Amino acid sequence: MTLKPLTKAILQSILATATALVIWLLIVYNKIPLLRSLGIDLSMYRPTFLVMHHYPLPPLLYGRSITVLIALVLVSSLAPLARYVRRRASEIKRIKEETYSFMRALSSYVRSGLGLMTILRAVSDVIRPPLKDRINLFSSLLALGLSTEEAFERAFGDLPRDVKSILYTIVIAFRAGGRAPDIMDYAASFIAEMRAFEEIKESRLAQYIYIVIVACIAFAISAVVMTLMLSFISEMGKAIIQSGINIEYLFSVYFYAALIIIAFSSIAIGRSLRGYTPLAIYYAFIMITIVSIIFILGPIFIKF
């Protein structure tokens, strides 16, 4: 039985998370002889579930071990999904590029007066996969007697709305009968203008992706630096300061704040800057990985 790519990615995500947790627990409980022989001791990261409630924040789990555990779960679970989403986005981009070529070729073939099936077979020879495979599927479903709407939905139903809207011109044109050449010419000219607009938009918006990522990294670094400064102040012997600041709790709050910022930032990148919302998973994976490394290395310099 062949699994769908999304189902396969979800199963890989679950397996990767479980594997990472088992390996991590073996390491922190010193169950790997090789690490013990090398003098590596990570017992300080054994899970300890400390909870603190400071109004207006809700009760929060905090501590170095919880930070590492959450980072490990997020990175290991998002990695397979990020890979799937990246591949899916690349496939959709290729389909969109081929759609432009397909519509140009189709507008010229329509004027020949040939039937829909003949035209689709002829045009499919001049385009490349993966759109070619979908066009052939569409033709095969029509040959089996399905209506154009049902065949279209089965062949192109999982594509983004903007790509489906372009391809749906096929159905509209061949419903129109003698007006099909005029409809296809208008659609081809409109698509050419839309393609030029999208190229300009992508080039303009691409730089903002890096700005958002750098901003998230800057927040993580500033959080570590701020916590480090407070730990130095706490070490100066001021009893009031020492009793009023829980450095480890503050560090965890910064980490949770960074995750929230990453969540909203990745959605903004995927939806607004890249035009494909699932890409939020890919950018969230990148930013969480970088920020997690910063927060995991931070305690080396901070005295809790």
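In this text the structure is predicted, and so the values were computed from the model without any measurement.

Another aspect to go through is the overall build of the chain. What the chain contains, in helices and strands, is 12 helices and two strands. Secondary structure elements of the chain, listed N to C terminal, follow the sequence α-α-β-β-α-α-α-α-α-α-α-α-α-α. Within the chain, the fraction of its 304 residues that count as buried is 39%. Summing over all exposed atoms, the chain offers an accessible surface of approximately 17,300 Å²; the carbon and sulfur share of this is 65%.

Counting 32 residues, the largest nonpolar core has Phe102, Met103, Leu106, Leu131, Phe138, Phe156 and Leu167 as its most contacted members. Elements represented by at least two residues in this core include exactly α3 (64-110), α4 (116-124), α5 (131-143), α6 (148-156), α7 (161-167), α8 (169-175) and α9 (180-234). No other element matches the seven residues that α3 contributes to this core. Setting aside residues no more than four positions away along its own chain, Met103 makes contact with Ile166, Thr169, Met184, Ala187, Ala188 and Ile191. Residues Ala82, Ile213, Cys216 and Leu273 belong to the second largest nonpolar core, which totals 30 residues.

Each aromatic ring pair is described using two quantities: the centre-to-centre distance and the angle formed by the ring planes. Per the counting criterion, the structure on display carries 10 aromatic pairs. Where Phe152 meets Phe156, the ring centres are 5.0 Å apart and the plane angle is 50°; that geometry is what we call tilted. Taken together, the residues Phe152 and Phe156, both in helix α6 and four residues apart, mark about one turn of the helix. Here the two residues Phe152 and Phe156 agree in accessibility, since each one is buried. Judged by centre distance (6.3 Å) and plane angle (50°), the rings of Phe255 and Tyr256 are tilted.

Before going further, it helps to examine α5. Its 13 residues give α5 an end-to-end C-alpha distance of 18 Å, which sits within 8% of 18 Å, the value for a rise of 1.5 Å per residue. Following α5 by one or two positions, Gly145 adopts a phi angle in the positive range, close to 100°.

A separate point is the packing of helix α1 (residues 5-28) against α3. Where α1 contacts α3, the axes come no closer than 8 Å and their chain directions differ by 155°. On the basis of their axis angle, the class for α1 and α3 is roughly antiparallel. Two packed elements cross with a definite hand, and for α1 against α3 that hand is right-handed. Of α3, the residues touching α1 (which contributes Pro5, Leu6, Ala9, Ile10, Gln12, Ser13, Ala16, Thr17, Ala20, Leu21 and Trp24) are Val68, Leu69, Leu72, Val73, Ser76, Ser77, Pro80, Leu81 and Tyr84. Counted by class, the contact of α1 with α3 contains 15 nonpolar, five polar and no charged residues.

For the rest of this paragraph, the subject is the environment of Met287. Among the secondary structure elements, Met287 is positioned in helix α12 (residues 279-297). By relative accessible area, Met287 is classed as buried at 1%. As a C-alpha pair, Met287 and Ser265 span 22 residues in sequence and 9.5 Å in three-dimensional space. Apart from the residues lying within four places of it in its own chain, the contact partners of Met287 are Ile213, Cys216, Ile262, Ser265, Ser266 and Ile269.

Attention now goes to a nonpolar patch on the surface. Among the surface-exposed residues, Leu6, Ile10, Leu11 and Ile14 lie close enough to one another that they form a single nonpolar patch of about 360 Å² accessible area. Along the chain, Leu11 turns up in helix α1.

With the rule as written, the count across this model stands at eight salt bridges. A salt bridge links Asp158 to Arg88, with the shortest nitrogen-to-oxygen separation between them at 3.6 Å. Placement of the pair is Asp158 in the loop between α6 and α7 and Arg88 in helix α3, with a sequence separation of 70 residues. Classification of Asp158 as partly exposed rests on a relative accessible area of 45%. Taking relative accessible area as the criterion, Arg88 reaches 11% and is therefore assigned buried. The salt bridge partner of Arg134 is Asp158, with a shortest N-O separation of 2.7 Å. Here Arg134, found in helix α5, pairs with Asp158, found in the loop between α6 and α7; they are 24 residues apart in sequence, far enough to count as distant.

Parameters and conventions
- Residues numbered from 1 in each chain as written.
- Predicted model: local features only at pLDDT ≥ 70, side-chain atom pairs only at ≥ 80, totals over all residues.
- Heavy atoms only, no water.
- Helix = DSSP H or I, 4+ residues; strand = E, 2+ residues; numbered from the N terminus.
- Buried < 20%, exposed > 50% of the residue type's maximum accessible area, 1.4 Å probe, protein only.
- Areas by Shrake-Rupley, 256 points an atom, 1.4 Å probe, with all protein chains shown as cover.
- Core = buried A, V, L, I, M, F, W, Y, C linked by side-chain atoms within 4.5 Å.
- Contact = heavy atoms within 4.5 Å.
- Phe/Tyr/Trp six-rings, centres within 6.5 Å; stacked < 30°, edge-to-face > 60°.
- Expected span 1.5 Å × (residues − 1).
- Axes fitted to C-alpha atoms, helices over the stretch in contact; angles between N-to-C directions.
- Parallel < 35°, antiparallel > 145°, perpendicular 65-115°, else oblique.
- Left-handed = near helix turned anticlockwise from the far one by under 90°.
- Nonpolar A, V, L, I, M, F, W, Y, C, P; charged D, E, K, R; others polar.
- Patch = residues over 30% accessible without salt bridge, like charges linked within 9 Å, V, L, I, M, F, W, Y side chains within 5 Å.
- Salt bridge = Lys/Arg side-chain N within 4 Å of Asp/Glu carboxyl O.

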